[in-house]
Amino acid sequence: MTKRTYELGLVLDPTLTDEEQGALVTEYKKMLTDAGAEIVKEESWGKRKLAYEIEKVGEGRYVILYLISEGDAPSFSQLETRLNQNERVMRYLVVRTDEMIKRALRRGKAHIPAAEAVGLAPARPEPEPTPVAEA
Amino acid sequence: MAKKVFFRRRKVCKFCVDGIEYVDYKDTRLLQQYILEQAKILPRRISGTCARHQRKLTEAVKRARHLALLPFTQD
Ligand SMILES: [Zn+2]
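Nothing here was measured: the structure is a model prediction, and the numbers come from that model.

Student: What is the right way to look at helix 1 (residues 18–34) of chain A in this model?
Tutor: Residues and elements named next belong to chain A. Look at helix 1: 24 Å from first C-alpha to last across 17 residues, which is about the 24 Å you get at 1.5 Å a residue. For helix 1, the set of buried residues is Q21, L24, V25, Y28, M31 and L32. What you see down the axis of helix 1 is that its buried residues fit within an arc of 115 degrees, all on one side. Seen from the buried face of helix 1, the exposed residues on the opposite side, beyond 90 degrees, are E19, T26, K30 and D34. Along its buried surface, helix 1 packs onto strand 1 (3–12), strand 2 (38–54), strand 3 (57–70), helix 2 (77–85) and strand 4 (89–96). One or two positions beyond helix 1, positive phi appears at G36, with a value near 100 degrees.

Encoded structure:
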(Lines give C-alpha, C1' and ligand atoms only; values in the text may rest on other atoms or scores of the structure.)
Protein backbone atom coordinates (compact mmCIF):
# COMPACT_ATOMS: atom_id res chain seq x y z
CA MET A 1 0.00 0.00 0.00
CA THR A 2 1.29 3.39 -0.89
CA LYS A 3 1.80 5.83 1.88
CA ARG A 4 1.67 9.35 0.55
CA THR A 5 2.50 12.46 2.48
CA TYR A 6 1.47 16.03 1.76
CA GLU A 7 1.72 19.52 3.11
CA LEU A 8 -1.04 22.07 2.88
CA GLY A 9 0.17 25.62 3.32
CA LEU A 10 -2.41 28.32 4.02
CA VAL A 11 -2.09 32.08 4.08
CA LEU A 12 -5.17 33.52 5.76
CA ASP A 13 -6.62 36.99 6.20
CA PRO A 14 -4.62 38.75 8.94
CA THR A 15 -7.77 40.30 10.42
CA LEU A 16 -9.14 36.90 11.43
CA THR A 17 -9.32 36.31 15.16
CA ASP A 18 -7.68 33.20 16.63
CA GLU A 19 -11.19 31.73 17.02
CA GLU A 20 -12.10 32.44 13.40
CA GLN A 21 -8.83 30.95 12.20
CA GLY A 22 -9.46 27.90 14.39
CA ALA A 23 -12.95 27.42 12.97
CA LEU A 24 -11.74 27.76 9.40
CA VAL A 25 -8.86 25.33 9.87
CA THR A 26 -11.16 22.87 11.61
CA GLU A 27 -13.47 22.96 8.60
CA TYR A 28 -10.58 22.23 6.22
CA LYS A 29 -9.23 19.48 8.44
CA LYS A 30 -12.64 17.82 8.42
CA MET A 31 -12.67 17.93 4.61
CA LEU A 32 -9.19 16.43 4.51
CA THR A 33 -10.18 13.62 6.85
CA ASP A 34 -13.26 12.96 4.71
CA ALA A 35 -11.00 12.80 1.66
CA GLY A 36 -8.99 10.03 3.33
CA ALA A 37 -6.05 11.96 4.70
CA GLU A 38 -4.86 11.98 8.26
CA ILE A 39 -3.56 15.21 9.78
CA VAL A 40 -0.41 14.37 11.70
CA LYS A 41 0.88 17.82 12.50
CA GLU A 42 -0.37 21.37 12.47
CA GLU A 43 1.87 24.42 12.55
CA SER A 44 0.60 27.91 13.16
CA TRP A 45 3.15 30.59 12.46
CA GLY A 46 0.86 33.42 13.51
CA LYS A 47 0.74 36.71 11.67
CA ARG A 48 3.68 37.35 9.36
CA LYS A 49 4.67 40.11 7.01
CA LEU A 50 4.20 39.01 3.39
CA ALA A 51 7.08 39.28 0.92
CA TYR A 52 4.69 41.18 -1.39
CA GLU A 53 1.24 42.64 -0.94
CA ILE A 54 -1.76 40.57 -1.94
CA GLU A 55 -4.67 42.85 -2.88
CA LYS A 56 -3.14 45.64 -0.81
CA VAL A 57 -2.80 43.44 2.27
CA GLY A 58 0.73 43.19 3.66
CA GLU A 59 0.32 40.48 6.29
CA GLY A 60 -1.08 37.00 6.54
CA ARG A 61 -1.69 34.25 9.04
CA TYR A 62 0.29 31.15 8.12
CA VAL A 63 -0.87 27.63 8.85
CA ILE A 64 0.83 24.43 7.67
CA LEU A 65 -0.92 21.07 7.84
CA TYR A 66 1.07 17.85 7.45
CA LEU A 67 -0.91 14.95 6.01
CA ILE A 68 -0.58 11.22 5.49
CA SER A 69 -2.73 8.98 3.35
CA GLU A 70 -2.56 5.23 2.94
CA GLY A 71 -3.96 3.41 -0.07
CA ASP A 72 -5.80 5.35 -2.74
CA ALA A 73 -4.63 8.87 -3.42
CA PRO A 74 -6.93 11.37 -1.70
CA SER A 75 -8.78 13.88 -3.83
CA PHE A 76 -8.28 17.48 -2.80
CA SER A 77 -10.58 18.91 -5.45
CA GLN A 78 -13.49 19.59 -3.09
CA LEU A 79 -11.20 21.23 -0.57
CA GLU A 80 -9.58 23.30 -3.29
CA THR A 81 -12.98 24.49 -4.48
CA ARG A 82 -13.72 25.68 -0.94
CA LEU A 83 -10.34 27.32 -0.57
CA ASN A 84 -10.81 29.14 -3.87
CA GLN A 85 -14.26 30.35 -2.82
CA ASN A 86 -13.19 31.80 0.50
CA GLU A 87 -11.82 35.31 0.15
CA ARG A 88 -10.23 35.05 3.59
CA VAL A 89 -7.87 32.46 2.12
CA MET A 90 -5.23 34.61 0.46
CA ARG A 91 -3.06 31.77 -0.82
CA TYR A 92 -2.81 28.02 -0.46
CA LEU A 93 -0.44 25.34 -1.67
CA VAL A 94 -0.67 21.56 -1.66
CA VAL A 95 2.62 19.73 -2.08
CA ARG A 96 3.14 15.98 -2.17
CA THR A 97 6.31 15.32 -0.20
CA ASP A 98 6.94 11.57 0.28
CA GLU A 99 8.90 10.94 -2.92
CA MET A 100 11.07 14.02 -2.50
CA ILE A 101 11.72 13.13 1.12
CA LYS A 102 12.65 9.50 0.41
CA ARG A 103 15.06 10.50 -2.33
CA ALA A 104 16.59 13.09 -0.04
CA LEU A 105 16.96 10.65 2.85
CA ARG A 106 18.77 8.16 0.63
CA ARG A 107 21.26 10.67 -0.59
CA GLY A 108 21.67 13.50 1.86
CA LYS A 109 22.73 13.84 5.45
CA ALA A 110 21.08 17.09 6.51
CA HIS A 111 18.25 17.13 9.01
CA ILE A 112 14.81 17.25 7.29
CA PRO A 113 12.09 18.66 9.57
CA ALA A 114 9.44 18.02 6.88
CA ALA A 115 10.30 14.30 7.00
CA GLU A 116 10.01 14.18 10.78
CA ALA A 117 6.63 15.90 10.67
CA VAL A 118 5.13 13.01 8.67
CA GLY A 119 7.07 10.23 10.40
CA LEU A 120 9.43 9.46 7.50
CA ALA A 121 12.44 10.25 9.70
CA PRO A 122 12.86 9.78 13.44
CA ALA A 123 12.21 12.92 15.44
CA ARG A 124 15.29 14.65 16.72
CA PRO A 125 15.26 15.80 20.30
CA GLU A 126 14.57 19.48 20.71
CA PRO A 127 17.77 21.47 21.15
CA GLU A 128 18.42 22.59 24.71
CA PRO A 129 17.16 26.13 25.17
CA THR A 130 19.96 28.60 25.59
CA PRO A 131 20.06 29.53 29.25
CA VAL A 132 19.24 33.14 29.92
CA ALA A 133 22.10 34.96 31.60
CA GLU A 134 21.33 35.78 35.18
CA ALA A 135 21.21 39.46 36.00
CA MET B 1 54.82 48.91 -8.31
CA ALA B 2 51.92 47.13 -6.77
CA LYS B 3 51.09 43.86 -8.28
CA LYS B 4 47.55 42.97 -8.96
CA VAL B 5 46.54 39.89 -7.09
CA PHE B 6 43.56 37.91 -8.17
CA PHE B 7 41.84 35.74 -5.67
CA ARG B 8 40.01 32.95 -7.30
CA ARG B 9 37.52 31.39 -4.95
CA ARG B 10 36.77 27.82 -5.79
CA LYS B 11 33.07 27.54 -6.27
CA VAL B 12 31.42 24.60 -4.65
CA CYS B 13 27.81 23.64 -4.30
CA LYS B 14 26.85 24.40 -0.70
CA PHE B 15 23.99 21.91 -0.87
CA CYS B 16 26.38 19.10 -1.85
CA VAL B 17 28.85 20.08 0.88
CA ASP B 18 26.17 20.21 3.57
CA GLY B 19 24.30 17.15 2.30
CA ILE B 20 21.09 19.09 1.78
CA GLU B 21 18.87 17.05 -0.53
CA TYR B 22 15.50 18.30 0.60
CA VAL B 23 15.12 21.97 -0.21
CA ASP B 24 12.12 23.05 1.83
CA TYR B 25 10.14 26.00 0.47
CA LYS B 26 9.44 26.99 4.07
CA ASP B 27 13.14 27.40 4.86
CA THR B 28 13.26 31.04 3.83
CA ARG B 29 16.49 31.62 5.71
CA LEU B 30 18.23 29.21 3.35
CA LEU B 31 16.44 30.37 0.20
CA GLN B 32 17.14 34.03 0.89
CA GLN B 33 20.86 33.37 0.55
CA TYR B 34 20.19 32.59 -3.11
CA ILE B 35 18.04 35.59 -3.90
CA LEU B 36 19.38 38.79 -5.44
CA GLU B 37 18.20 42.38 -4.99
CA GLN B 38 15.51 42.27 -7.66
CA ALA B 39 14.31 39.05 -6.11
CA LYS B 40 16.04 37.01 -8.78
CA ILE B 41 17.56 33.64 -8.08
CA LEU B 42 21.34 33.75 -7.94
CA PRO B 43 22.69 32.10 -11.13
CA ARG B 44 24.66 28.89 -10.79
CA ARG B 45 27.82 30.41 -12.21
CA ILE B 46 27.85 32.87 -9.29
CA SER B 47 26.76 30.65 -6.44
CA GLY B 48 28.51 27.47 -7.57
CA THR B 49 25.36 25.45 -7.01
CA CYS B 50 25.29 22.26 -9.08
CA ALA B 51 22.57 21.73 -11.69
CA ARG B 52 20.68 19.19 -9.59
CA HIS B 53 20.52 21.41 -6.55
CA GLN B 54 19.72 24.49 -8.61
CA ARG B 55 16.62 22.69 -9.89
CA LYS B 56 15.52 21.90 -6.34
CA LEU B 57 16.28 25.44 -5.25
CA THR B 58 14.27 26.92 -8.13
CA GLU B 59 11.30 24.71 -7.30
CA ALA B 60 11.42 25.67 -3.62
CA VAL B 61 11.72 29.38 -4.45
CA LYS B 62 8.70 29.13 -6.76
CA ARG B 63 6.65 27.58 -3.99
CA ALA B 64 7.84 30.09 -1.42
CA ARG B 65 6.90 32.94 -3.77
CA HIS B 66 3.44 31.57 -4.29
CA LEU B 67 2.84 31.71 -0.52
CA ALA B 68 4.37 35.21 -0.34
CA LEU B 69 7.33 33.96 1.68
CA LEU B 70 9.68 35.41 -0.93
CA PRO B 71 9.26 38.34 -3.32
CA PHE B 72 8.17 37.83 -6.91
CA THR B 73 9.97 38.76 -10.09
CA GLN B 74 10.18 37.71 -13.71
CA ASP B 75 13.18 35.46 -14.02
ZN1 LIG C 1 24.88 20.20 -5.36
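Having put the structure on the table, let's press on.
Student: Would you take a moment to explain the coordination of the zinc ion for this structure?
Tutor: In an ideal tetrahedron of four donors about a metal, each angle is 109.5 degrees. In an ideal octahedron of six donors, the angles are 90 or 180 degrees. Protein-derived coordination of the zinc ion comes from C13(B) (SG), C16(B) (SG), C50(B) (SG) and H53(B) (ND1), at a distance range of 2.0 to 2.3 Å. Coordination at the zinc ion comes from four donor atoms whose angles at the metal span 100 to 114 degrees, giving a geometry best classed as tetrahedral.

Student: Looking at this structure, I do not really get the pairing of strand 3 of chain A. What am I missing?
Tutor: On a regular strand, each side chain points to the face opposite its neighbour's, so the side chains alternate between the two faces of the sheet. Residue and element names in this part refer to chain A. In terms of burial, strand 3 is a largely internal element, ten of the 14 residues being buried. Two elements, strand 1 and strand 3, share ten bridges in a ladder whose sense is antiparallel. When the bridges of strand 3 are listed, L10 appears paired with V63. Counted between consecutive antiparallel strands, the loop separating strand 2 from strand 3 contains two residues, among which E55 sits at a positive phi close to 45 degrees.

Student: Explanation requested: the interface of chain B and chain A in the structure shown.
Tutor: Reports of interface size often rely on the accessible area that becomes lost once the parts have come together. Of the residues lining the interface, 20 residues belong to chain B; the matching set on chain A comes to 26 residues. Interface area, chain B with chain A, both sides summed: about 2,000 Å², of which 63% is carbon and sulfur. When residues of chain B are sorted by the area they lose upon contact with chain A, Y22(B), K26(B) and L67(B) head the list and together hold 33% of the total. Linking chain B to chain A there are one salt bridge. Between the two partners, chain B and chain A, sit twelve residue pairs in polar contact (both at pLDDT 80 or more).

About the criteria used
Residues numbered from 1 in each chain as written. Chains lettered and ligands numbered in written order. Predicted model: local features only at pLDDT ≥ 70, side-chain atom pairs only at ≥ 80, totals over all residues. Heavy atoms only, no water. Helix = DSSP H or I, 4+ residues; strand = E, 2+ residues; numbered from the N terminus. Expected span 1.5 Å × (residues − 1). Buried < 20%, exposed > 50% of the residue type's maximum accessible area, 1.4 Å probe, protein only. Arc of directions from axis to C-beta. Contact = heavy atoms within 4.5 Å. Donors = N, O, S within 2.8 Å, 3.2 Å for Na, K, Ca; no water. Tetrahedral: all angles 85-135°; square planar, octahedral: opposite > 155°, others 65-115°. Pairing = 2+ DSSP bridges. Buried area = accessible area lost by both parts, 1.4 Å probe. Salt bridge = Lys/Arg side-chain N within 4 Å of Asp/Glu carboxyl O. Polar contact = N/O pair within 3.5 Å; in protein donor to acceptor, adjacent residues only side chain to side chain.

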